[in-house]
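Below, each chain spelled out in residue letters.
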Amino acid sequence: KNSSSIIFLESVGSEYILEFAKKYSNKKDALAEIMMSICPEGNEMHLRLLRKIERVLGSDYHTLSGVLAHLSTHQAADGFEDEILEFYWTKATYILGYPSPKVKTNGLKILNDISKFNYNKVAGCYATLRLLCNEVWWEVKAQILIICANQLELIQATSNEETGRENRSNLMHNTQEHGEE
C-alpha cells in the first residue's frame, strides 16, 4: 500500500466500488474489505477515504450507512481517535434519526463499534437509544443490547484500572510509612 493507492481510490476506484455497493447491497462487507485493503495505513488516509465516500454517496443514506457500518468494523481494529471518531460519531447520530429501521441499524452498528472504546460520547446518546428500544425490528434491539454490553464492559475495565492504581498507590503509601523501599 502506498500513496498512489489513495489517489486511485479518490480519483476513480471508490466511485466504481460505491456504484457496485448501490446495486448489490448485500456486498458492502466485501467492498469495505477491498477499500480498506487498498487504502494506505493511517488515520489521515482513512479520513480522506471516508470523506470521498461521503461526497460520492451524498444523501444516499441507505448505501452510505451500510458502507460506513462495515468500514467502522475495520476502524474498530485500530481504534477511533480525533477526526475519525468525530466523523463516525456525527454520521451515526444523524443516521439514527433516519426513518428506515435498516438504516438505523447501520447507525447503531457504528455506535456499537465506537462503544467498545468510548463511553463518554455514547452516554450522550442514551436518551435516543431508549427511544429506539420501541422499534419493532429485532436488529435495532440487538444492536442496542450490544452497545449496552460494550459500555458495561468498558466501565468495568476502567473501574478495574482505577482499582489497580489505588492498590498500587496504597501499597506505596504503606511501604513508605513503614520505612521500606
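Residues numbered from 1 in each chain as written. Predicted model: local features only at pLDDT ≥ 70, side-chain atom pairs only at ≥ 80, totals over all residues. Heavy atoms only, no water.

Asker: Sorry if this is basic, but what is going on with the overall build of the protein chain here?
Answerer: A count of helices and strands for the protein chain gives 9 helices and 0 strands. In sequence order, the protein chain lays out its α and β elements as α-α-α-α-α-α-α-α-α. Once local pairs closer than 6 in sequence are excluded, the contacts in the protein chain between residues at least 24 apart make up 70%. When the accessible surface of the protein chain is totalled, it reaches about 10,300 Å², and 53% of it is carbon and sulfur. (Helix = DSSP H or I, 4+ residues; strand = E, 2+ residues; numbered from the N terminus. Contact = heavy atoms within 4.5 Å. Areas by Shrake-Rupley, 256 points an atom, 1.4 Å probe, with all protein chains shown as cover.)

Asker: When you look at the packing of aromatic side chains in this model, what are you seeing that I'm missing?
Answerer: We describe a pair of aromatic rings using the distance from one ring centre to the other and the angle between the two ring planes. Summed over the entire model, instances satisfying the criterion amount to 5 aromatic pairs. Ring geometry for Tyr 61 and Tyr 98: centres 5.8 Å apart, planes at 40 degrees, overall tilted. Residue Tyr 61 is located in helix 4 (residues 61-78), and its partner Tyr 98 is located in the loop between helix 5 (82-95) and helix 6 (101-115); the two are separated by 37 residues in the primary sequence. Overall, the relative accessible area of 23% leaves Tyr 98 in the partly exposed class. Ring geometry for Phe 80 versus Tyr 88: centroids 5.4 Å apart, planes at 90 degrees, classification edge-to-face. (Phe/Tyr/Trp six-rings, centres within 6.5 Å; stacked < 30°, edge-to-face > 60°. Buried < 20%, exposed > 50% of the residue type's maximum accessible area, 1.4 Å probe, protein only.)

Asker: Sorry if this is basic, but what is going on with the state of the cysteines here?
Answerer: Two cysteines whose sulfur atoms are joined by a covalent bond form what is called a disulfide. Counted under the stated rule, the structure contains 0 disulfides. The cysteine Cys 148 is free of any disulfide, with Cys 133 supplying the nearest cysteine sulfur at 6.9 Å. Residue class for Cys 148 comes out partly exposed when judged on its relative accessible area of 38%. (Disulfide = S-S within 2.5 Å.)

Asker: When you look at the confidence of the model for the protein chain in this model, what are you seeing that I'm missing?
Answerer: Detailed reading of the predicted coordinates is not advisable wherever pLDDT falls low. Predicted confidence across the protein chain gives a mean pLDDT of 82, with 82% of residues reaching 70 or more. Mean pLDDT across the secondary structure elements of the protein chain bottoms out at helix 1 (residues 3-23), with 70, and peaks at helix 6, with 94. (pLDDT = per-residue confidence, 0-100.)

Asker: Explanation requested: the environment of Glu 41 in the structure shown.
Answerer: In this structure, Glu 41 sits in the loop between helix 2 (28-38) and helix 3 (43-57). The spacing of Glu 41 and Asp 78 is 37 residues in sequence and 9.9 Å in space, taken between C-alpha atoms.

Asker: Would you mind showing me how to read helix 5 here?
Answerer: In an α-helix, one full turn covers 3.6 residues, which means residues spaced three or four apart are oriented alike. Between its first and last C-alpha, helix 5 extends 20 Å over 14 residues, near the 20 Å set by a 1.5 Å rise per residue. The complete set of buried residues in helix 5 reads Ile 84, Leu 85, Phe 87, Tyr 88, Trp 89, Lys 91, Ala 92 and Ile 95. Where helix 5 is buried, its residues touch helix 3, helix 4, helix 6 and helix 7 (119-123). (Expected span 1.5 Å × (residues − 1).)

Asker: Any chance you could explain the packing of helix 3 against helix 5 here in plain terms?
Answerer: The angle between the axes and the distance between the axes are what describe a pair of packed helices. Contact geometry of helix 3 with helix 5 gives a least axis separation of 9 Å together with a crossing angle of 25 degrees. One way to sum up the angle between helix 3 and helix 5 is to call them roughly parallel. The interaxial crossing formed by helix 3 with helix 5 has left-handed handedness. Side by side, helix 3 and helix 5 meet where Asn 43, His 46, Leu 47, Leu 50, Arg 51 and Glu 54 of the first sit next to Glu 83, Ile 84, Phe 87, Tyr 88 and Lys 91 of the second. Of the residues belonging to the contact of helix 3 with helix 5, the class tally is 5 nonpolar, 2 polar and 4 charged. (Axes fitted to C-alpha atoms, helices over the stretch in contact; angles between N-to-C directions. Parallel < 35°, antiparallel > 145°, perpendicular 65-115°, else oblique. Left-handed = near helix turned anticlockwise from the far one by under 90°. Nonpolar A, V, L, I, M, F, W, Y, C, P; charged D, E, K, R; others polar.)

Asker: Even after reading the chapter, I still don't get the side chain of Asn 118, so can you show me in this structure?
Answerer: The topology assignment puts Asn 118 in the loop between helix 6 and helix 7. Aside from chain neighbours lying at most four places away, what touches Asn 118 is Leu 85, Gln 151 and Leu 154.

Asker: What's the story with unusual backbone geometry in this structure? I'm lost.
Answerer: A positive phi is found at Asp 82, a non-glycine position, where the angle reads about 45 degrees. Take Asp 82: it is sitting in helix 5. Judged by its relative accessible area of 64%, Asp 82 is exposed.

Asker: It is not clear to me how the nonpolar core should be interpreted in this structure. Could you clarify?
Answerer: Across soluble globular proteins, nonpolar side chains have a tendency to be buried as a group. Judged by nonpolar contacts, the single largest core of 42 residues is most densely connected at Ile 53, Leu 71, Tyr 88, Leu 108, Ile 110, Leu 111 and Ile 114. At the level of elements, helix 1, helix 2, helix 3, helix 4, helix 5, helix 6, helix 8 (126-132) and helix 9 (138-177) are the ones that each hand at least two residues to this core. Setting aside residues up to four positions removed in sequence, Ile 53 forms contacts with Leu 18, Met 35, Leu 64, Val 67 and Leu 71. (Core = buried A, V, L, I, M, F, W, Y, C linked by side-chain atoms within 4.5 Å.)

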